[in-house]
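Letter by letter, the chains look like this.
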There are 2 protein chains.
Amino acid sequence: MIKRKKTRKIKIGNVFIGGDAPVAIQSMCNTDTRDVEATVAQIKELIQAGCEIIRVAVPDMEAAKAIGEIKKQINIPMVADIHFSAEYAMEAIRQGIDKLRINPGNIGDESKVVMLVKACKEKNIPIRIGINGGSLEKDILEKYNNEVTPEGMVESAMRHIKILEKNDFFDIAISLKANDVERTVEAYRLLSKEVDYPLHIGITEAGTAFRGTILSSVGFGILLYDGIGDTIRVSLTANPVEEIKVAWEILKSLGLRKRGISVTSCPTCGRTQIDIIKLANKVEKMLDGMEKDIRVAVMGCVVNGPGEAREADLAIVGGKGVGLIVKKGEIIKKVDEKDLLEEFMKEIEKF
Amino acid sequence: MIKRKKTRKIKIGNVFIGGDAPVAIQSMCNTDTRDVEATVAQIKELIQAGCEIIRVAVPDMEAAKAIGEIKKQINIPMVADIHFSAEYAMEAIRQGIDKLRINPGNIGDESKVVMLVKACKEKNIPIRIGINGGSLEKDILEKYNNEVTPEGMVESAMRHIKILEKNDFFDIAISLKANDVERTVEAYRLLSKEVDYPLHIGITEAGTAFRGTILSSVGFGILLYDGIGDTIRVSLTANPVEEIKVAWEILKSLGLRKRGISVTSCPTCGRTQIDIIKLANKVEKMLDGMEKDIRVAVMGCVVNGPGEAREADLAIVGGKGVGLIVKKGEIIKKVDEKDLLEEFMKEIEKF
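This is a predicted model, so every value here is computed, not measured.

A.B. asks: Explain the nonpolar core here, please?
C.D. replies: Side chains of a nonpolar character, in soluble globular proteins, are inclined to be buried together. One finds L100, L191 and L254 of chain A together with L100, L191 and L254 of chain B to be the most contacted residues of the largest nonpolar core, which totals 178 residues. For L191 of chain A, the contacting residues outside a window of four places in its chain are V154, A157, M158, I161, I174, L176 and L199 of chain A.

A.B. asks: Is there a simple way to explain the sheet that holds strand β14 (residues 322-327) of chain A in this structure?
C.D. replies: Two orientations exist for strands paired in a sheet by backbone hydrogen bonds: parallel and antiparallel. All names here are of chain A. Pairing is mixed in the open sheet, where 5 strands are placed in the order β11-β12-β13-β14-β15. For this open sheet the edge positions go to β11 (263-265) and β15 (330-336), each flanked by a neighbour on one side alone. Averaged over all neighbouring strand pairs, the angle between strand axes comes to 20°, with direction disregarded. Note that β11 and strand β12 (residues 296-299) share 3 bridges and pair parallel.

A.B. asks: Would you mind showing me how to read the domain arrangement of chain A here?
C.D. replies: A common way to express how large an interface is: the accessible area buried when the components associate. Per the domain assignment, the segments making up chain A are domain 1 (10-253) and domain 2 (262-350). The gap between the C-alpha centroids of domain 1 of chain A and domain 2 of chain A is 41 Å.

A.B. asks: Looking at this structure, how should I read the interface of chain B and chain A?
C.D. replies: Of the residues lining the interface, 72 residues belong to chain B; the matching set on chain A comes to 72 residues. Summed over both partners, the interface of chain B with chain A buries about 6,000 Å², with 55% contributed by carbon and sulfur atoms. Linking chain B with chain A are 6 salt bridges. Salt-bridge contacts for E311 of chain A lead to R183 of chain B; the nearest nitrogen and oxygen are separated by 2.9 Å. Joining chain B to chain A, the criterion identifies 22 residue pairs in polar contact (both at pLDDT 80 or more). Within the residue set of the side of chain B that touches chain A, elements represented by two or more residues are α7 (181-194), α8 (209-225), α9 (240-253), β11 (263-265), α10 (276-287) and α11 (305-311) of chain B. A per-class count over the side of chain B that touches chain A returns 30 nonpolar, 25 polar and 17 charged.

A.B. asks: Can you walk me through α8 of chain B in this structure?
C.D. replies: Given 3.6 residues per helical turn, the α-helix brings residues three or four places apart onto the same face. The end-to-end C-alpha distance of α8 of chain B, which contains 17 residues, comes to 23 Å, matching closely the 24 Å that a straight helix rising 1.5 Å per residue would cover. In terms of residue burial, α8 of chain B counts as a mostly covered element, since 15 of its 17 residues are buried.

A.B. asks: Which parts of the structure should I look at to understand the relation of the copies chain B and chain A?
C.D. replies: Superposing chain B onto chain A requires a rotation of 180° together with a translation of 0.0 Å along the rotation axis, leaving an RMSD of 0.0 Å. What we have between these two chains is a two-fold relation. A shared interface surface links the copies, since 100% of the contact residues of chain B are contact residues in chain A too.

A.B. asks: Where do I start with the sheet that holds strand β7 (residues 127-132) of chain A in this structure?
C.D. replies: All names here are of chain A. One open sheet accounts for 8 strands, arranged β8-β7-β6-β5-β4-β3-β10-β9; its pairing is parallel. Both outer strands of the open sheet, β8 (172-177) and β9 (200-201), are each paired with one neighbouring strand and no more. Two strands pair when backbone bridges link them, and strand β5 (residues 78-81) and strand β6 (residues 99-101) are joined in this way by 3 bridges, in the parallel orientation. For D81, the partnering residue across the bridge sits in β6 and is R101. Seen against the sheet, helix α9 (residues 240-253) touches β3 (24-28) and β10 (231-232) and runs at an angle of roughly 160° to β3.

A.B. asks: Explain the pairing of strand β13 (residues 314-318) of chain B to me, please; I cannot follow it from the model alone.
C.D. replies: One face of the sheet, then the other: side chains in a regular strand alternate in exactly this way. Residues and elements named next belong to chain B. A large share of β13 lies buried, amounting to 5 of its 5 residues. Residue alternation in β13 divides its side chains into two sets, L314, I316 and G318 and A315 and V317, and both sets are buried. Note that strand β12 (residues 296-299) and β13 share 4 bridges and pair parallel. When the bridges of β13 are listed, A297 appears paired with A315. Between the parallel elements β12 and β13, the chain passes through α11 in a crossover that is right-handed. In terms of strand pairing, β13 meets strand β14 (residues 322-327) through 5 bridges, oriented antiparallel. Bridge pairing in β14 places V317 opposite L324.

A.B. asks: I would appreciate a short explanation of the environment of P126 of chain A in the present structure.
C.D. replies: Residues and elements named next belong to chain A. Tracing the backbone through its elements, the reader meets P126 in the loop between α4 (110-122) and β7. With relative accessibility at 0%, the residue P126 sits in the buried group. Sequence-wise, P126 and V326 are 200 residues apart; in three dimensions their C-alpha atoms are separated by 50 Å. Contacts of P126, omitting those with residues within four sequence positions, involve I10, K11, I12, D98, K99, L100, F169 and D171.

A.B. asks: Can you walk me through the packing of α10 of chain B against helix α12 (residues 337-350) of chain B in this structure?
C.D. replies: Any two packed helices are characterised by how steeply their axes cross, that is the angle between the axes, and by the distance between the axes. All names here are of chain B. Running from N to C, α10 and α12 cross one another at 35°; their axes reach a closest spacing of 11 Å. Like other packed secondary-structure pairs, α10 and α12 cross with a definite hand, here right-handed. Seen from α10, the contacting residues are L279, K282, V283, M286 and L287; seen from α12, they are L340, L341, F344, M345 and I348. For the contact of α10 with α12, a count of residues per class yields 9 nonpolar, no polar and 1 charged.

A.B. asks: What's the story with unusual backbone geometry in this structure? I'm lost.
C.D. replies: Residue and element names in this part refer to chain B. For D168, which is not a glycine, the phi torsion comes out positive at approximately 60°. Along the chain, D168 falls in the loop between α6 (150-166) and β8 (172-177). Of note, K328 is a non-glycine position whose phi angle comes to about 45°, a positive value. Structurally, the position occupied by K328 is in the loop between β14 and β15 (330-336). With relative accessibility at 52%, the residue K328 sits in the exposed group.

A.B. asks: Whenever I open this one, the pattern of salt bridges confuses me. Can you help?
C.D. replies: Oppositely charged side chains are able to pair whenever their charged atoms sit close together. Following the criterion strictly, the structure yields 66 salt bridges over all chains and no others. Its salt-bridge partner being K112 of chain B, residue E87 of chain B comes within 3.2 Å of it at the nearest N-O pair. Separated by 25 residues along the polypeptide, E87 of chain B in helix α3 (residues 86-94) and K112 of chain B in helix α4 (residues 110-123) bring together distant segments of the chain. Judged by relative accessible area, which is 36%, E87 of chain B ranks as partly exposed. Members of the salt-bridge network, linked through shared partners, are K333, E343, K346, E347 and K350 of chain A.

A.B. asks: Sorry if this is basic, but what is going on with the packing of helix α2 (residues 61-72) of chain B against α3 of chain B here?
C.D. replies: Residues and elements named next belong to chain B. It is the contact of α2 with α3, at a shortest axis distance of 8 Å, that shows an interaxial angle of 15°. By the angle between their directions, the pair α2 and α3 is classed as roughly parallel. Crossing angle aside, the handedness with which α2 passes α3 is right-handed. Two secondary-structure elements touch here, α2 through M61, A64, K65 and I67 and α3 through E87, Y88, E91 and A92.

Quick notes on the rules
Residues numbered from 1 in each chain as written. Chains lettered and ligands numbered in written order. Predicted model: local features only at pLDDT ≥ 70, side-chain atom pairs only at ≥ 80, totals over all residues. Heavy atoms only, no water. Core = buried A, V, L, I, M, F, W, Y, C linked by side-chain atoms within 4.5 Å. Buried < 20%, exposed > 50% of the residue type's maximum accessible area, 1.4 Å probe, protein only. Contact = heavy atoms within 4.5 Å. Pairing = 2+ DSSP bridges. Helix = DSSP H or I, 4+ residues; strand = E, 2+ residues; numbered from the N terminus. Axes fitted to C-alpha atoms, helices over the stretch in contact; angles between N-to-C directions. Domains from an automatic or database assignment. Buried area = accessible area lost by both parts, 1.4 Å probe. Salt bridge = Lys/Arg side-chain N within 4 Å of Asp/Glu carboxyl O. Polar contact = N/O pair within 3.5 Å; in protein donor to acceptor, adjacent residues only side chain to side chain. Nonpolar A, V, L, I, M, F, W, Y, C, P; charged D, E, K, R; others polar. Expected span 1.5 Å × (residues − 1). Least-squares fit on C-alpha atoms with pLDDT ≥ 70 in both. Right-handed = clockwise from strand over helix to strand, strands pointing away. Left-handed = near helix turned anticlockwise from the far one by under 90°. Parallel < 35°, antiparallel > 145°, perpendicular 65-115°, else oblique.

Here it is as structure tokens:
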């Protein structure tokens, strides 16, 4: 079992992150925030897929003003992503935002920081400091040979953290996103030794669904297995619903969260005599969204089949044009390939 | 940079694994090995995708006899996957196989092991001992409360290793595949402390392309980042070509191998004003198979865009209905959205 690093617990709307709270899954809308209808529709789709915290971009005052209306129509906490403007942040707070992602070092002079921190404290609104490799401060870049380094990213984070701490504000989460696995992992490892604020894990600009899924799985896997990470956001150049699906699968693969039914299935080989690829995909699709605590396996042959089936609650083991249905290691039925899916689903329903 | 554990180097046909050799990528045919034409066609497709070692199932004598004919038509090393039969293994050796995957503890009495080891030694054919959670020995299962544990898997591996070592055979690779991340990672970590044979990394029965990609990326990521793993096989219930694509992307994400051009692209958000998802996917597709040492980024807006573009050799940064083409941090063109792809590809060609 993974031993998670114990971080400070913070509250975002009705969701906790850090401490003993489960690793929370978040995404970001790619709709125009000013378009309330489109944004709400996307958030509802994301909630359906398992999104627990949603972020929206707030690039102007009109977007900030739309927050209240959006919030009325959704039931998960909402984060405003703001750059350089204490004014948009103040408006987001007035509109009932649950968390701000804003870097206090670049919103203006000290009076603005004081104003913002005061408003956040009054409403218990946490701030995420979000460091991105692509937007490091010039002097930090110069210090590190004009390269984006894990050390430089942590230095930037500490600078923003200190501004908030100086103002007696500790309701903080931090992210340190580079666009590759190594710098991201090293940055989080370094920061995790320095502070106990909850960490929001992400690899930025990870790429399309294919590449981004792999980069995020590799990077998050390394960090989470080390116990680092309190909330995750998978970044994909794709429909954000895909981000949520990938995030869940990563957390499930590490035993950090549970959701739905996972299907163990074999890669098939020259020994396989029924169409396992088609069958496994169909089984996975039919189980999608079903909430049962049940382990399912779809195996091609008798080499590893029976062993895997023993660990599953219900399994298919393929033979020549037929399949065995196996329940907790016992063969309960031998079925023609054409009836296999239907018979198997009956057993699932019964379980 | 990842510091890889230094393992013993072995040679499989013309490919080295272990030692300072790059992490090799392998897959397994799901054709009927007896069908030479279909098997060769699949192997050629896999080679095209980047497969470096190919394994085939040898469930009977006819399959073993087909190996010679298949080998004549391909140019990567071939591994025979054999269970319980020294006779099929002997035939595979006669047919010129480059490596055997066989567990010496279950091929019969000592005379058979002696015979097989002698034949392998004469032709410098390495043996992979392949432990699968689904087929652990009964007495080992019983010892561990009838559960598949990392300790039990390592114990099983050591048993087979000792049989070979007793026969003065050290041309060995080992795999320890469980169907989940945690047991797989812990088993490899344990074994890696015990032996210096090269390790073949895999998660067995990982599932369909979606789930299997994530499980493998998470598990391999943890191990490879630790320096463990000399060759990898991603198991997917899918066309094995997908296994190769995923394997390459995992190794590339960790800087362990280089191939083709990777596209950094942002997840898009409410700030994006051109269709970055479509654009990034098109760019990725057009670059597929192109071998240039060039870093490419496709970014939606000016918040992180310019920073990311600075790290890329060529980048697109989106604006309102237009895109900037940026070369090593300098804006070289401002182009209408409709001409962006074409203009960008021109710059790629020029590079």
